[in-house]
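# Structural characterization, general
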Amino acid sequence: MQRSHAAAAVVVKIADKCELQTEEVVSMNPLTTLTNGTKATFLVTLTFSSFASVAVFIWSLNDPGFFRNATLSIGQVACFVFVFSAGFAALGAIALSLYQMYTCNIDFHAAMSRYLPDDSRQQLFAAAELSIYLTLFFVCDRTDFVSRQKKHYDRDFFWFIWALLCLAGLATLQKAKPPKPGDLIKGDDGKDDAPEKHDADDFHVKHLQRDQTEEWKGWMQVMFLWYHYFEAKELYNAIRLYIAAYVWMTGFGNFSYYYMKKDFSLERFLAMQWRLNFLVFWICAMLQNEYMLYYICMLHTTFTVIIYAGLGIKHEWNHSSVGICGKFAAVTIFALVVWDVPGVFDVVWKPLTFLVGYHDPEKTTRPVLQEWQFRSHLDHLVWIFGMFCAYNHPRVDSWLVKLDALPRLQSWGIKLLVSMLTIVGLYLYVDKVFSLDKFAYNALHPYTSFIPIAGYCILRNIFKRVRMYHLHLFEFLGKVTLETYIAQFHIWMSTTGINGSPKKLLRFLPDNWPMVNFLLMSGICLYVSFRLFHVTNTLKQTVLPSKSSRAVLYRNLLWSAVGGLAVYTWASMLKTLASSYMN
């Protein structure tokens, strides 16, 4: 009888505890009030993370053969503190939720909600997932855990699998959705140029709409990645054009947004920088690489900032013909002076050497700014052409509407004439410029890359039926070009070490299965890239929540900086203690 009373008392106590925790979660502000359990969990997580990070550091000292770059840097130790902290915190939340689930007889989701709101839970698990991928990058590229193999290029096989991929893409052909009434094109008179009623199979589709540009990015990215994987050196000039097209899209997309939305808020600017640089920041810290190894991120960041400043300063001038022409002239003169006038580039960029400097391990005597000067000079004008295309997008679209409305014979005659002239122009470009050797081509590329880009845009959009469809497979791949660009270095291929280029291929299977290994590693790289895309967007809400005030943004940025400095300082102390212990 006494045992029954005791058991009943335990059950009542547990029930009371469950109700109390529920009330605390509802009534307490987690930013200002922490329960003893939360504080204890934080301390335990930090303690275990610190011990684990020290263990990895000591391991790197004792087994330099396994760790390809021997001793970990302070930044790498700090990354491991984050990795283990996020992992232990997620495991702790799961363990506490399982305990609540069984003791309080509730489902797992309800038990988890008692400790973390839905948004916080998603962000915690996103951080834990990021920690897994950072560890994967480190293990694949900085240890000898995964085998390597040499690159091999076979022209016949390369174009065979490209043809197969294109056939697979054709199988995913999709038609654009009919426009909504609010999406009708405005003509010069301010009236709708498109008909008020749309047939289910015959409607106007804007040129260069999102589905089409994502498709464009997708097939170019496949060629870009395969160029590196198979070391297809003969495609060098084409790859330069693809990169120019990406930079063109930076000008086109950013100008379209700022010109139409008139949103120059800090939130928008920071969100764009987060998208471009969040992942590469963590990869640089985890692998001790310099930012310029991933130079495409710096290209997009630089020209995005210039466009933001150019349109944001005196933004009321943007919708004045004189004002916008003056801004186009200003950014063009700026680009020409910085990149084409000798000596100016070094003056402008030398203060930012810590960001754009690159110490090439294979060319140790090379000036540290030379890599950035070479890469940025190749595309220092094409983004302005992207802005120009965006500015004239409504006018071109209005012309396409009128062209499609002409009598069939007249409409087709004009379209064929424009197509023929475009093809002739492209033929002359290929004959006089594109067919040159890489060094001669590089000298002309900055001033001619707009020609094939304009030609592609014309041929892809002049015919209504062609403009109306897109290949969903390439559109799907085009959504994660940033992630696949970064991931290829470290979990698809393998670099030579710190700041090194990807010279070898990663291999999970025996070396006599190269194509099956290619398929397997490609699947892993693509899956991780898509997950990193979602993780980046989820974690953005932690620091840059949507529709937040400037005060909230400042507070979050301050706490992020303080937290990062604290982790780095703690990692420095851990490394010093571990080194002292080993000595």
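Below, the structure is looked at part by part.

What counts, and at which threshold
- The written sequence of each chain sets the order in which its residues are numbered from 1.
- The predicted nature of this model means local features are confined to residues of pLDDT at least 70 and side-chain atom pairs, given and counted, to a pLDDT of 80 or more, with totals for whole chains, interfaces and linings taken over all residues.
- Side-chain numbers come from the whole structure's heavy atoms, not from hydrogens or water.
- Between any two strands, at least two bridges found by DSSP are needed for them to pair.
- Secondary structure elements follow DSSP: runs of H or I of four or more residues count as helices, runs of E of two or more count as strands, with numbering from the N terminus.
- Exposure above 30% relative accessible area and no salt bridge define the residues that can form patches, which grow by joining like charges within 9 Å and nonpolar side chains of Val, Leu, Ile, Met, Phe, Trp and Tyr within 5 Å.
- Under the convention used here, a 1.4 Å probe and the Shrake-Rupley method define accessible areas, while residue burial counts only the protein chains that appear.
- Any Lys or Arg side-chain nitrogen located within 4 Å of an Asp or Glu carboxyl oxygen qualifies as a salt bridge.
- Summary of the burial criterion: residues with accessible area below 20% of their type's maximum are buried, those above 50% are exposed, and those between are partly exposed, where the area comes from a 1.4 Å probe applied to protein chains only.
- To estimate how far a helix should reach, multiply one less than its number of residues by 1.5 Å.
- Any two residues whose heavy atoms approach within 4.5 Å are treated as being in contact.
- Nonpolar cores are built from buried Ala, Val, Leu, Ile, Met, Phe, Trp, Tyr and Cys residues. Side-chain atoms within 4.5 Å join them into one set.
- Angles here are taken between N-to-C directions and fall from 0 to 180 degrees, while the axes themselves are lines fitted to C-alpha atoms, restricted in helices to the stretch in contact.
- The disulfide definition used here is simple: a pair of cysteine sulfur atoms within 2.5 Å.
- Roughly parallel means an angle under 35 degrees; roughly antiparallel, over 145; roughly perpendicular, 65 to 115; everything else is oblique.
- Put simply, Ala, Val, Leu, Ile, Met, Phe, Trp, Tyr, Cys and Pro go in the nonpolar bin, Asp, Glu, Lys and Arg in the charged bin, and everything else, Gly too, in the polar bin.

### Thoughts on the pairing of strand 5 (residues 502–507)
Bridge count between strand 1 (residues 147–149) and strand 5: 3 bridges; the pairing is antiparallel. Looking at strand 5, one finds that glutamine 149 is bridged to leucine 505. With 3 bridges connecting them, strand 4 (residues 493–495) and strand 5 associate as antiparallel partners. Pairing of threonine 495 across the sheet is with proline 502, part of strand 5.

### Focus: a nonpolar patch on the surface
On the surface, Phe160, Leu164, Leu167 and Leu170 cluster together to form a nonpolar patch covering roughly 410 Å² of accessible area. For leucine 164, the location among the structural elements is in helix 6 (residues 155–170). Taking relative accessible area as the criterion, leucine 164 reaches 41% and is therefore assigned partly exposed.

### Topic: helix 19 (residues 450–461)
For helix 19, spanning 12 residues, the distance from its first C-alpha to its last is 16 Å, which sits close to the expected 16 Å at 1.5 Å a residue. Taken as a whole, helix 19 has its buried residues at Pro452, Ile453, Gly455, Cys457, Arg460 and Asn461.

### What about the side chain of glutamate 215?
With respect to the helices, strands and loops of the structure, glutamate 215 is situated in helix 7 (residues 210–229). Not counting residues within four places of it along the chain, the set of residues in contact with glutamate 215 comprises Tyr456, Arg460, His470, Leu471, Phe474 and Glu475.

### So, the nonpolar core
Within soluble globular proteins, side chains that are nonpolar generally end up buried alongside one another. Ranked by size, the top nonpolar core spans 123 residues in total, and within it Trp216, Trp226, Trp248, Tyr294, Trp383 and Ile486 carry the most contacts. Element by element, the count of residues in this core is highest for helix 8 (residues 236–261), at 15 residues. In contact with tryptophan 216, other than residues within four places in its own chain, are Leu208, Ala245, Trp248, Met249, Ile453, Tyr456 and Cys457.

### Some words on the sheet that holds strand 1
In space, the 3 strands of this open sheet follow the order 1-5-4, with antiparallel pairing throughout. Where the open sheet ends on each side, the last strands, each with one partner, are strand 1 and strand 4. Taken over all neighbouring pairs, the strand axes of this sheet differ in orientation by 50° on average, direction set aside. Here helix 22 (residues 481–492) sits on the sheet and contacts strand 4 and strand 5; the angle it forms with strand 4, its principal contact strand, is near 85°.

### Brief notes about the state of the cysteines
Going through the model one piece at a time under the given rule, you end up with 0 disulfides. No disulfide involves cysteine 79; its sulfur sits 10.0 Å from that of cysteine 284, the nearest cysteine.

### Some thoughts on unusual backbone geometry
In the Ramachandran plot, glutamine 288 falls in the positive-phi region, its phi being about 65° despite a non-glycine side chain. Locating glutamine 288 in the fold gives a position in the loop between helix 9 (266–287) and helix 10 (295–312). A positive phi angle, close to 55°, is found at lysine 314, a residue other than glycine. Within the secondary structure layout, lysine 314 lies in the loop between helix 10 and helix 11 (321–340). According to the relative accessible area criterion, lysine 314 is partly exposed, its value standing at 45%.

### Topic: the pattern of salt bridges
Scanning the entire structure with this criterion turns up 14 salt bridges. Aspartate 141 is paired through a salt bridge with arginine 142; the nearest N and O atoms lie 2.4 Å apart. The exposure class assigned to aspartate 141 is buried, which follows from its relative accessible area of 0%.

### Focus on the packing of helix 9 against helix 10
Contact geometry of helix 9 with helix 10 gives a least axis separation of 10 Å together with a crossing angle of 170°. For the element pair helix 9 / helix 10, the angle class is roughly antiparallel. Of helix 10, the residues touching helix 9 (which contributes Phe269, Met272, Gln273, Leu276, Asn277 and Val280) are Cys297, His300, Thr301, Thr304, Val305 and Tyr308. Of the residues assigned to the contact of helix 9 with helix 10, the class counts are 7 nonpolar, 5 polar and no charged.

As far as function goes, none of this settles anything; it's purely spatial.
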